[in-house]
Amino acid sequence: MNYLEALSRRYSVKKFNKKIIPQEKLHNILESGKLSASSQGLQPYKVFIVQTEEMKQKLIPAFYNPSQISTCSHLIVIISKKTLDENYINGYFRHISEVRETTLENLELFRKSINQHINQKTQDEILNWAEKQSYIVLANLMYAAAIEDIDTCPMEGFRQDIIEDILNINPETEKVTVTLALGYRSEEDHFQHMKKVRKPNEKLFKFI
Ligand SMILES: Cc1cc2nc3c(=O)[nH]c(=O)nc-3n(C[C@H](O)[C@H](O)[C@H](O)COP(=O)(O)O)c2cc1C
């Protein structure tokens, strides 16, 4: 299946068939999320993968429409950072220095530019910046899933406070931004037969 075929087949599933997706496919989908680009490589997010039935059941009351959660194979929760403290930045630079086998001194200029970038932002601005990047992860996960023939539904329709409570997220420093249910579409989900509604090219694209 090529890229466009996979994206045309993809739709936001309302009901899955409860079948569990193979580990290898899950692995590939998560790797594509990991490979997402992020501003200055800081990856200001983390990704929880809910795989147990028990945890899915706990999370059901947090969703306005629970049918995806009660039938999906896995639920991904993307959490954005509200703060990037000294520890986080230090850890990032230690990691670059290990992976690229270079000294911290060699990275000093890059570090200064990151400090400047981060220090001038308010907490709201950091969250706003981080959330944009969380959506890049969401898109990569969703499209990789489509190519792996795994169905998804991206969801923002949830009570953030309930999820944060269940997943032990500290709302002072992090925010649950968006979720993605993964699985296989149920035959009963009539949305799969509906035509895609998209703006015509002349309204969407402007060649200049
Ligand atoms: C960020 C985002 C949040 C969404 N939240 C929900 C949601 O909470 N519940 C839901 O059923 N669909 C949700 N959707 C799916 C959209 O309604 C859907 O993508 C849109 O109607 C286009 O349809 P398609 O994805 O089936 O092509 C969301 C989509 C995105 C991108």
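Now for a quick tour of the structure. On a predicted model such as this, the values are computed, not experimentally measured, just so you know.

The rules behind the values
Residues numbered from 1 in each chain as written. Predicted model: local features only at pLDDT ≥ 70, side-chain atom pairs only at ≥ 80, totals over all residues. Heavy atoms only, no water. Helix = DSSP H or I, 4+ residues; strand = E, 2+ residues; numbered from the N terminus. Buried < 20%, exposed > 50% of the residue type's maximum accessible area, 1.4 Å probe, protein only. Contact = heavy atoms within 4.5 Å. Areas by Shrake-Rupley, 256 points an atom, 1.4 Å probe, with all protein chains shown as cover. Pairing = 2+ DSSP bridges. Axes fitted to C-alpha atoms, helices over the stretch in contact; angles between N-to-C directions. Expected span 1.5 Å × (residues − 1). Arc of directions from axis to C-beta. Near = heavy atom within 4 Å. Polar contact = N/O pair within 3.5 Å; in protein donor to acceptor, adjacent residues only side chain to side chain. Nonpolar A, V, L, I, M, F, W, Y, C, P; charged D, E, K, R; others polar. Phe/Tyr/Trp six-rings, centres within 6.5 Å; stacked < 30°, edge-to-face > 60°.

### A short note on the overall build of the protein chain
When you go through the protein chain residue by residue, the secondary structure sums to 9 helices and 4 strands. Going from the N terminus to the C terminus, the protein chain shows its helices and strands as α-α-β-α-α-β-α-α-α-β-α-β-α. Counting only C-alpha atoms and orienting by the principal axes, one finds that the protein chain spans roughly 60 × 50 × 35 Å. Taken across its 208 residues, the protein chain has 40% of its residues classed as buried. Summarising the internal contacts of the protein chain: among those between residues at least 6 apart in sequence, 80% fall at separations of at least 24. Here the protein chain displays about 12500 Å² of accessible surface, and carbon together with sulfur accounts for 52% of that area.

### Points about the sheet that holds strand β1 (residues 45-50)
Overall, antiparallel pairing links the 4 strands, which are arranged β1-β2-β4-β3 in an open sheet. The open sheet is flanked by β1 and β3 (151-155), the only strands paired with a single partner. Ignoring strand direction, the axes of neighbouring strands in this sheet form an average angle of 20 degrees. Both strand β2 (residues 74-81) and strand β4 (residues 174-183) contribute to a ladder of 8 bridges, which runs antiparallel. Directly across from I78, in β4, lies its bridge partner V178.

### Quick word on helix α6 (residues 108-119)
Here α6 spans 16 Å end to end across 12 residues, near enough to the 16 Å set by a 1.5 Å rise per residue. The complete set of buried residues in α6 reads R111, I114 and I118. Here the buried residues of α6 occupy an arc of 65 degrees about the axis, which is enough to place them on one side. Of the exposed residues in α6, the ones pointing more than 90 degrees away from its buried face are L109, K112 and Q116. Tucked inside the fold, the buried residues of α6 contact α5 (86-99) and α7 (123-147).

### Quick word on the site of the ligand
Neighbouring the ligand are 13 residues, the closest being S12, K14, G157, K196 and R198. At 3.2 Å, a backbone N or O of P154 approaches a nitrogen atom of the ligand. About the coverage of the ligand: the protein hides 62% of its 620 Å² of free accessible area. Element by element, the count of residues in the shell around the ligand is highest for β3, at 3 residues. Residues of the shell around the ligand, tallied by class, amount to 5 nonpolar, 3 polar and 5 charged.

### Here's the deal with the environment of S70
Residue position: S70 is located in helix α4 (residues 67-71). Once you skip the residues sitting within four places of it in the chain, S70 turns out to touch K18 and I60. A distance of 3.3 Å separates the side chain of S70 from the backbone oxygen of S67, its partner in a polar contact.

### Topic: the packing of aromatic side chains
A complete count under the given rule lists 4 aromatic pairs for this structure. Measuring from centroid to centroid gives 5.5 Å for F93 and F110, while their planes differ by 65 degrees, and the two rings are edge-to-face. One end of the pair, F93, is in helix α5; the other, F110, is in helix α6, with 17 residues separating them in the sequence. With a relative accessible area of 31%, F110 lands in the partly exposed category. Clustering of aromatic rings is evident, with ring pairs tying together Y92, F93 and F110.

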